[in-house]
Amino acid sequence: MAGGAAPGGSTASDTYARARHWLLMPSWAVLGVFVLAPVCVMVIYSFLTKEFRGGVIWDPTLAAYDQFFFDRGLFGDSDPKLQWTYITIFWRSIWQAGLATILSLLIGFPTAYYIATRPAKTRALWVFLITIPYWVNLLIRTVSMKFLLRDEGPLNDFLLNIGLITEPLQIINTNLAVQLGLFYSYLPFMVLPIYAAVERYNFSMSEAAADLYATKWTTLRRIVLPAVRPGVIAGCILVFVPSLGAFLAPDLLGGAKNFMIGSLIEEQFKGNAGNWPFGAAASMILLSMVLILLMIFAHQQRRAEASA
Amino acid sequence: MKLLTSSAMALALLANSAAAEGELVIYHWFEYMPAELLEKFEAETGIKVTMDTYDSNEAMLASLKAGGMGTYDVAVPGDYMVQIMAGEGLLDTIADGELTNKGNIASAWADPSFDPGRKHSIPYQWGSTSFSVNTEDYDGEINTTDLLFNPPEELSGKINMLDSQGEVMALAALHMGFPQCDTDRDRLSALNDMLQNAKTHWASFNSDTAKEVLVSGDVSVGMIYDGFSAKAREERASITYAFPTQGYVVWMDNVVLLKDAPNRDSAIKFMDFLLEPENIAAVSNYARYGLGVTGAEEFLDPDLATLPEANPPETAGAGAFIAVCDQATQAVYDQIWTNLKN
Amino acid sequence: MSAKTDVRTYTGFRFMTILCLVVLYAPLIVVTVYSFNASRSLTVWEGLSLRWYAEVFVGPESAKFKQAALNSFSIALIAATLATAIATAAATAIVRGGKFRLRTPSLGLITLPIMVPEIVLAVATLIFFNSVGFTRGYMTILVAHIAFCIPFAYLPIQARMQGIEDTYEHAAMDLYATRAQAFRRILLPLMMPGIISGFLLAFIVSLDDFIITNFVKGAGVETLPTAIFGSVKQGLKPNIMAISTMLLGFSIVMVTLSYFASKRNNTQ
């Protein structure tokens, strides 16, 4: 799990070795009590019984997971079939997050590459420009996007005025709006790691390839891309994972109609449904998916480091 | 000397009101209580008011059951929800004589079936729920639930629904001509299928923006409350409230005293305050709904009596309150709602 | 030589970069511009005006937003300060504490809040507070913020500390400075740019948080994001755009500060 963060081993100093447990105590205490313990309690809740009209009964059951995976009909007594409702929601989330990631990669990679090949002085400024939007409140950015995309909003006005379209495009409350929102929310996360990787890339390799008559695009595909792959994977993870659990974009841009995982979970706690064990179970399934993804990533990263 | 004693008494009175100062935490529907009225209450009593909002009866219940009890003093559930909350033991009982203004309650609302004898609640506002149509976009007959559940091609994708299980299900039952809390399996399956098909024509589920989406033109048909629709009409004249021939939902919101209220005394004062005709009339003037207190007529905006949203035409079907189902029946409706929302 | 620069550049990449910046900035610029619109309508432009800014400060919702801003900034300040202190201690142990068995698990625990999807953390925290019987309110928001801010404060501090050789501290200790003195007089000043970046990052992350706050907030306690969300749910209003623009300005000031902090970081 620690693969995502730098393990911090390059300068193995033991200056403060004697105090290390004291120094770590506050973070263990705070994170242990307010992060680790809650996740454990959530696991327990996912195995409890839902009380009629909200709340839980301390009675262990697999009902929440059963509800997730099996359809027992409207009246709860038909033969169990595979339940597609929630799998569809998860699949839709993966699909939306995946499209947003691809879109970010398509724009983010050239951008990162372009910035990394600028003279050192202007580079910092470019990075600064890319990071500013990330510092702006995500809610505000999503709201801005909603305003921009409205049927009577500035984007449609602009396109109508330049004559590119004759009728307003209906983007808001569609899957496209959600994808655009996710893409827009996390685009800087794609650019920065790729930028860091390209910056470290040794361009004499490109030159060597050119000397061997490789075309530029072949060089990009066969030499540059493999060399910066860890950065690309890191960027994809940083866009994909938060998109997967996103709540604001589907709620504000998608019209709260086509649920994503985040909205499904939220509905169990804040909305009409009030089914805590089911919300906890859905959270558990999401968490497992993300952890598996991160483990694969960490494994890849180790392999890349080993081969480098 | 007389001046001195009287100013001392005035000071003592001030001190008294300062001592009586407290807090009040209200759990209320969104955009429905005029801010000026709360300021008036604060000025009269010295009680500091905090208000949190919700957008459906079910969401309020879920939030209260999820650790919200003991943090709020009063809430404003609809009729059927008062009955559910009382059944769940979430409501405190108002003792006889505790409310000075209890006699102001109109006789029609003094002993409702959802709270016999008004033990836990006072009337707040009543109104109806159906839907409104932007007649600029649609010039056909609007007084039919077909516009929501079986819309013509031109309205497909231009419909907003309230994100409120009770009201959507009740209106759907009226559309099909079925009873509420039905236990007939064929009819329930038919209801489920009808809603699944209707969903393909809907643009969004949203209660908070029910007015905004109609006014902005984002949708042409939107499920809405009558008073909210009257406010929408003030901003866009073509928003017309429909009274379907199949019937529509009627409701009464009530101020209830919550169990474990941290500021019970403030809550009682607030309820008395809302039973003053002048105060509750201010809510009606703002929110455009009916009230349940006698003697308020002189304070009411004269326009309210002739609001098209509050005066159903003769063709209108009957108004129906939302029914409270037992656990097994409710489980089926919950399942239908889950199918619908996903 | 021109051939050399040539292998670096690709046609179209410059266009994509500009497109990227346009995409990133267009919504923000549009909202900023419309926050100065005199009209109540969102679609019609009626000339420049500061009326929506005035409404934020004196309008009917001003009390709510003032309280929310106060809550947001006080929570962000306390949470970022405590998270930075905790993260600095933890980074010292992990980077300068030698090799020990709990090192990897500790690092895992510290980075856990950024590995776990935010909605999951929100659900877990809500359930936890509920099961131990904490009444939700200001304190529950604060505690949750301290916890999830730790990794954001930690990462820049760790990165900075890794770049500092421990020879300075050893030299100081050779001159009979105690370990604590070496830490306070040598390591801490050298780490300062990292600590500042960590603090600013934690501060912004706390100020920015909506999902977790929305789950753990109690009756009537709002932060700016939850108050804005509450208003936006009923439709976009011009005063929300004014608040957004002010927060945007604040964020830009903060990034600029952190930019210069990191510049010092690089030159030192």
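## Focus: the side chain of T142 of chain A
Residue and element names in this part refer to chain A.
Item 1. The residue T142 is located in helix α5 (residues 138-149) in this model.
Item 2. The exposure class of T142 is buried, given its relative accessible area of 3%.
Item 3. At 2.8 Å, the side chain of T142 forms a polar contact with the backbone oxygen of L138.

## A word on the nonpolar core
Item 1. One finds L286 of chain A together with I127 and I228 of chain C to be the most contacted residues of the largest nonpolar core, which totals 189 residues.
Item 2. The residues contacting L286 of chain A, other than those within four sequence positions of it, are F90, L244, G245, I261 and I265 of chain A together with P117, I119 and V120 of chain C.

## Remarks on the pairing of strand β7 (residues 221-225) of chain B
Residues and elements named next belong to chain B.
Item 1. With respect to burial, β7 is a largely interior element, five of its five residues being buried.
Item 2. Sheet analysis places strand β5 (residues 159-161) next to β7, joined by two bridges and oriented parallel. Residue pairing in the sheet places N160 in a bridge with G222 of β7.

## Description of the interface of chain A and chain C
Item 1. On the side of chain C, 104 residues touch chain A, which itself brings 101 residues to the contact.
Item 2. Both sides of the chain A and chain C interface together cover about 9,500 Å² of buried area, and 76% of this is carbon and sulfur.
Item 3. On inspection of chain A and its partner chain C, the count reaches zero salt bridges.
Item 4. The element best represented in the side of chain A that touches chain C is helix α1 (residues 20-45) of chain A, accounting for 20 residues.
Item 5. Taken together, the residues that form the side of chain A that touches chain C break down as 70 nonpolar, 19 polar and 12 charged.

## Re the packing of aromatic side chains
Item 1. All chains considered together, the criterion is met by 53 aromatic pairs over all chains.
Item 2. Here F203 of chain C and F250 of chain C contribute two aromatic rings whose centre-to-centre distance is 6.3 Å and whose plane-to-plane angle is 45 degrees, an arrangement assigned as tilted. With F203 of chain C in helix α9 (residues 179-208) and F250 of chain C in helix α12 (residues 238-267), this pair connects stretches of sequence that are 47 residues apart.
Item 3. Judged by its relative accessible area of 7%, F203 of chain C is buried.
Item 4. Grouped by ring-pair contacts, the aromatic residues Y27, W29, Y32, Y54, Y72, Y124, Y225, W251 and Y289 of chain B constitute a single cluster.
Item 5. Directly above the aromatic system of Y286 of chain B lies the positively charged group of K231 of chain B, at a separation of 3.7 Å from the ring centroid.
Item 6. When the ring centre of F65 of chain C is taken as reference, the NZ or CZ atom of K64 of chain C above it lies at 5.4 Å.

## So, the interface of chain B and chain C
Item 1. Across the contact, 17 residues belong to chain B and 11 residues belong to chain C.
Item 2. Approximately 1,100 Å² of surface area, both sides summed, lies buried where chain B meets chain C, with 47% of it carried by carbon and sulfur atoms.
Item 3. At the boundary of chain B with chain C, the tally comes to one salt bridge.
Item 4. Here D52 of chain B and K217 of chain C are joined by a salt bridge, their closest N and O atoms 3.9 Å apart.
Item 5. The interface formed by chain B and chain C holds zero residue pairs in polar contact (both at pLDDT 80 or more) in total.
Item 6. Elements with a contribution of two residues or more to the side of chain B that touches chain C: β2 (48-54) and α3 (57-68) of chain B.
Item 7. Take the side of chain B that touches chain C: its biggest share by element is four residues, from α3 of chain B.
Item 8. Classifying every residue of the side of chain B that touches chain C gives five nonpolar, seven polar and five charged.

## Observations regarding the state of the cysteines
Residue and element names in this part refer to chain B.
Item 1. On inspection of all chains with the given rule, the structure shows one disulfide over all chains.
Item 2. There is a disulfide in this structure between C181 and C325, and the S-S distance comes to 2.1 Å. Measuring the twist about the S-S bond at about -85 degrees, one finds the C181-C325 disulfide to be left-handed. One end of the pair, C181, is in the loop between α6 (165-176) and α7 (185-199); the other, C325, is in the loop between β10 (319-320) and α12 (327-341), and 144 residues separate them in sequence.
Item 3. By relative accessible area, C325 is classed as buried at 10%.

What counts and how
Residues numbered from 1 in each chain as written. Chains lettered and ligands numbered in written order. Predicted model: local features only at pLDDT ≥ 70, side-chain atom pairs only at ≥ 80, totals over all residues. Heavy atoms only, no water. Helix = DSSP H or I, 4+ residues; strand = E, 2+ residues; numbered from the N terminus. Buried < 20%, exposed > 50% of the residue type's maximum accessible area, 1.4 Å probe, protein only. Polar contact = N/O pair within 3.5 Å; in protein donor to acceptor, adjacent residues only side chain to side chain. Core = buried A, V, L, I, M, F, W, Y, C linked by side-chain atoms within 4.5 Å. Contact = heavy atoms within 4.5 Å. Pairing = 2+ DSSP bridges. Buried area = accessible area lost by both parts, 1.4 Å probe. Salt bridge = Lys/Arg side-chain N within 4 Å of Asp/Glu carboxyl O. Nonpolar A, V, L, I, M, F, W, Y, C, P; charged D, E, K, R; others polar. Phe/Tyr/Trp six-rings, centres within 6.5 Å; stacked < 30°, edge-to-face > 60°. Lys NZ or Arg CZ within 6 Å of the ring centre and 35° of its normal. Disulfide = S-S within 2.5 Å.

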